[in-house]
Amino acid sequence: MMISIKNIEKHATPFYYYDINLLRRTLETVCKNASRYGYHIHYALKANFDKRILEEIKNFGLGADCVSGGEVRASVEAGFDPKKIVFAGVGKRDDEIIYALEKGIFAFNCESLEELEVINEIAGRMHTHATVALRINPDVDPQTHKNISTGHADSKFGIAYTEIEEAMAKIDALPNISIVGLHFHIGSQILNLDVFKNLCSRVVSIMSWFSEHGIEISYINVGGGLGVDYIAPETNPIPDFDTYFKVFHDNLPLKEGQTLHFELGRSIVCQCGTLISKVLYNKKTASGKNFVLIDASMTELIRPALYDAYHRIENLSNKHGNEVYSIAGGVCESSDIFARDIELPITKRGDYLAIRSAGAYGQAMASNYNLRPLPESVYSDSFIDF
Ligand SMILES: *Cc1c(COP(=O)(O)O)cnc(C)c1O
């Protein structure tokens, strides 16, 4: 449900508006579809770590997927069960490893051979034991934007599949860690489900290497990456989790005692978030381009500048007329543009614009660049309408 102008006027723009009802419906759908196959879901905190959002997700019993010590801390403080927390990341610092060991998280998803040694050494010093999964780079093309691809052979993520043998020999010699599983995450905003089929067939062949070598793997984590419909958020507010999980069910057979885990970020929180902004100025360039300058910018939502991402933009104040506009923010960067040459109703100073599908990697990536303040959160259920 979109926010009314009356309620927008109660807040300073720009701000993030979260539809809590849609978030809950999305979570219900994920949980229902995953439980059909006994799959486990860890929410990827980096997509959105707003406290209220975390609370809603935690209430549905999801685990957490973290990529920094700060995220491990935020998920512990939000009440996520440490036994459902997994910790990935190519550059884990010693203090982050120590903190995660203190909290007794479920598993470290390890991304290099050297990291295995460091975790072993720290666990030894702390007289504890670390459970680890190997994040393996399966060399699968996710067919998405290059800046959000992680699973091709020359990316910085994961342990090369050609290094598995060496990694296993190493783990045998490390007394303070034990391997419980395998982890894969190949990229984000993946819409072609054949990509996940390809991932499944790689996972199956890597798993058979392990069973041939007599190594038991109980935990298999296939990461996240399911995309959302940025073009038509109104028609497709909830991703097709049913078909998504079915791809894994049909292509990734599990042995007894094995559990399949997912780390979903974007697909859970993206569509419930909208960036609300006010129009400041109109201007025309020498070449005749109509610019609309708004009070939101790349410091609130960097995805268009960083990934050439498309976000649907709506004028909430006026529905009449039709004009071609480019929508830009006020930051001193030429890339601070939300959309080029889009059609909108006649748009003037004071109009409110909604930038849709901004719940994932929106507020979470906000910065103070140009000394702009961080955007606030507004929740759909914080209003009482008469
Ligand atoms: C970012 C990330 C995810 C979540 O990806 P989405 O595309 O938002 O679902 C999952 N796992 C890891 C390791 C990640 O880095």
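These figures come from a predicted structure and were not determined experimentally.

Asks: Whenever I open this one, helix 4 (residues 69-77) confuses me. Can you help?
Replies: Residues lying three or four places apart along an α-helix face the same way, a consequence of the helix completing one turn every 3.6 residues. Regarding helix 4, the residues found buried are G69, E71, V72 and S75. End-on view of helix 4: buried residues confined to an arc of 160 degrees, all on one side of the axis. Contacts made by the buried residues of helix 4 are with strand 3 (63-66), strand 4 (85-87) and helix 5 (94-103). Where helix 4 begins, the side chain of S68 points an oxygen toward the backbone nitrogen of G70, at a separation of 3.3 Å. Looking at the residues trailing helix 4, positive phi occurs at G79, about 95 degrees.

Asks: Would you take a moment to explain the site of the ligand for this structure?
Replies: Within the structure, the ligand sits among 16 residues, and K46, S188, E263, R266 and Y361 are positioned closest to it. A distance of 2.7 Å is found between an oxygen atom of the ligand and a side-chain nitrogen or oxygen belonging to K46. Residue G265 places a main-chain N or O atom 3.0 Å away from an oxygen atom belonging to the ligand. Within the complex, the protein chains bury 95% of what would otherwise be the 390 Å² of accessible surface of the ligand. Residue composition of the shell around the ligand, by class: five nonpolar, six polar and five charged.

Asks: Help me understand the packing of aromatic side chains, please; the structure alone is not making it clear to me.
Replies: Any pair of aromatic rings gets described here by the distance separating the centres and the angle formed by the planes. A complete count under the given rule lists 16 aromatic pairs for this structure. Between F87 and F108, the ring centres sit 5.9 Å apart and the planes meet at 40 degrees, which makes this aromatic pair tilted. Placement of F87 in strand 4 and of F108 in strand 5 (residues 107-110) is noted, with a sequence separation of 21 residues between them. On the basis of relative accessibility, which here comes to 0%, the residue F87 falls in the buried class. Grouped by ring-pair contacts, the aromatic residues Y37, Y39, F196, F241, Y244, F245, F248 and F262 constitute a single cluster. Cation over ring: R52 sits above Y379, and NZ or CZ is 5.5 Å from the ring centre.

Asks: Can you help me understand the nonpolar core in this one?
Replies: Where a protein is soluble and globular, its nonpolar side chains tend to be buried together. Membership of the largest hydrophobic core comes to 99 residues, with the highest contact counts inside it found for F108, L134, F210, F248, I268 and I327. Here this core takes nine residues from helix 8 (residues 194-212), the largest share from any one element. Non-local contacts of F248, meaning those with residues more than four positions away in its chain, are made with Y39, F196, L199, C200, V222, L260 and F262. One finds I276, Y352, A354 and V378 within the second-largest nonpolar core, a separate group that totals ten residues.

Asks: How do you make sense of the environment of S380 when you look at a structure like this?
Replies: Considering the arrangement of structural elements, one finds S380 in the segment after strand 17 (376-379). On the basis of relative accessible area, S380 is assigned to the buried category, the value being 14%. Sequence separation between S380 and E111 is 269 residues; the distance between their C-alpha atoms is 39 Å. For S380, the contacting residues outside a window of four places in its chain are Y17, Y18, D19, I20 and N21.

Asks: Can you help me understand the pairing of strand 5 in this one?
Replies: Walk down a regular strand and you will see the side chains alternate between the two sheet faces. Neither face of strand 5 is exposed, since A107 and N109 on one face and F108 and C110 on the opposite face are all buried. Across two bridges, strand 4 lies against strand 5 in parallel orientation. What sits directly across from F87, in strand 5, is F108. Between the parallel pair strand 4 and strand 5, the chain is carried across by helix 5, and the sense of this crossover is right-handed. Alignment of strand 5 against strand 6 (residues 130-137), held across three bridges, turns out to be parallel. Along strand 6, the bridge assignment pairs F108 with V132.

Asks: Is there a simple way to explain the state of the cysteines in this structure?
Replies: Simply put, disulfide is the name for a covalent bond between the sulfur atoms of two cysteines. Across all of its chains, the model carries zero disulfides by this definition. In this structure C272 is not part of a disulfide, and its nearest cysteine sulfur, from C270, lies 8.3 Å away. On the basis of relative accessible area, C272 is assigned to the buried category, the value being 3%.

Asks: I'm lost on the side chain of R303 in this one. Help?
Replies: Structurally, R303 can be placed in helix 11 (residues 303-307). Here R303 occupies a buried position and makes no salt bridge, while the nearest side chain of opposite charge, D308, is found at 11 Å. Side-chain polar atoms of R303 contact the side chain of Y230, separated by 3.5 Å. Not counting the four nearest positions on each side in its chain, R303 is found in contact with Y230, R266, D308, A309, H311, A360 and Y361.

Asks: Just to check I follow, could you spell out the pattern of salt bridges for this structure?
Replies: Opposite charge on two side chains allows them to pair when their charged atoms are near. With the rule as written, the count across this model stands at 16 salt bridges. A salt bridge links D242 to R36; the nearest nitrogen and oxygen atoms lie 3.0 Å apart. With D242 in helix 9 (residues 241-251) and R36 in the loop between helix 2 (20-35) and strand 2 (40-44), this residue pair connects regions lying 206 residues apart in the sequence. Several salt bridges share partner residues, and in doing so they unite R24, R52, E56 and D381 into one network.

Asks: How should the environment of L22 be read in this particular structure?
Replies: Mapping L22 onto the fold places it in helix 2. By relative accessible area, L22 is classed as buried at 6%. Taking the C-alpha atoms as reference, L22 lies 5.8 Å from C272; in sequence the two are 250 residues apart. If sequence neighbours within four positions are ignored, L22 has contacts with P237, I238, Q271 and C272.

Asks: Can you help me understand the packing of helix 8 against helix 9 in this one?
Replies: The geometry of a pair of packed helices is captured by two quantities: the angle between their axes and the separation between those axes. The N-to-C vectors of helix 8 and helix 9 enclose an angle of 30 degrees; their axes lie 9 Å apart at closest approach. Comparing the axis directions of helix 8 and helix 9 gives the class roughly parallel. As helix 8 runs across helix 9, the sense of the crossing is right-handed. Between helix 8 and helix 9, the residues in contact are F196, K197, L199, C200 and V204 and Y244, V247, F248 and N251, respectively. Its residues assigned to classes, the contact of helix 8 with helix 9 comprises seven nonpolar, one polar and one charged.

About the criteria used
- Residues numbered from 1 in each chain as written.
- Predicted model: local features only at pLDDT ≥ 70, side-chain atom pairs only at ≥ 80, totals over all residues.
- Heavy atoms only, no water.
- Buried < 20%, exposed > 50% of the residue type's maximum accessible area, 1.4 Å probe, protein only.
- Helix = DSSP H or I, 4+ residues; strand = E, 2+ residues; numbered from the N terminus.
- Arc of directions from axis to C-beta.
- Contact = heavy atoms within 4.5 Å.
- Polar contact = N/O pair within 3.5 Å; in protein donor to acceptor, adjacent residues only side chain to side chain.
- Near = heavy atom within 4 Å.
- Areas by Shrake-Rupley, 256 points an atom, 1.4 Å probe, with all protein chains shown as cover.
- Nonpolar A, V, L, I, M, F, W, Y, C, P; charged D, E, K, R; others polar.
- Phe/Tyr/Trp six-rings, centres within 6.5 Å; stacked < 30°, edge-to-face > 60°.
- Lys NZ or Arg CZ within 6 Å of the ring centre and 35° of its normal.
- Core = buried A, V, L, I, M, F, W, Y, C linked by side-chain atoms within 4.5 Å.
- Pairing = 2+ DSSP bridges.
- Right-handed = clockwise from strand over helix to strand, strands pointing away.
- Disulfide = S-S within 2.5 Å.
- Lys, Arg positive; Asp, Glu negative; His and termini not counted.
- Salt bridge = Lys/Arg side-chain N within 4 Å of Asp/Glu carboxyl O.
- Axes fitted to C-alpha atoms, helices over the stretch in contact; angles between N-to-C directions.
- Parallel < 35°, antiparallel > 145°, perpendicular 65-115°, else oblique.
- Left-handed = near helix turned anticlockwise from the far one by under 90°.

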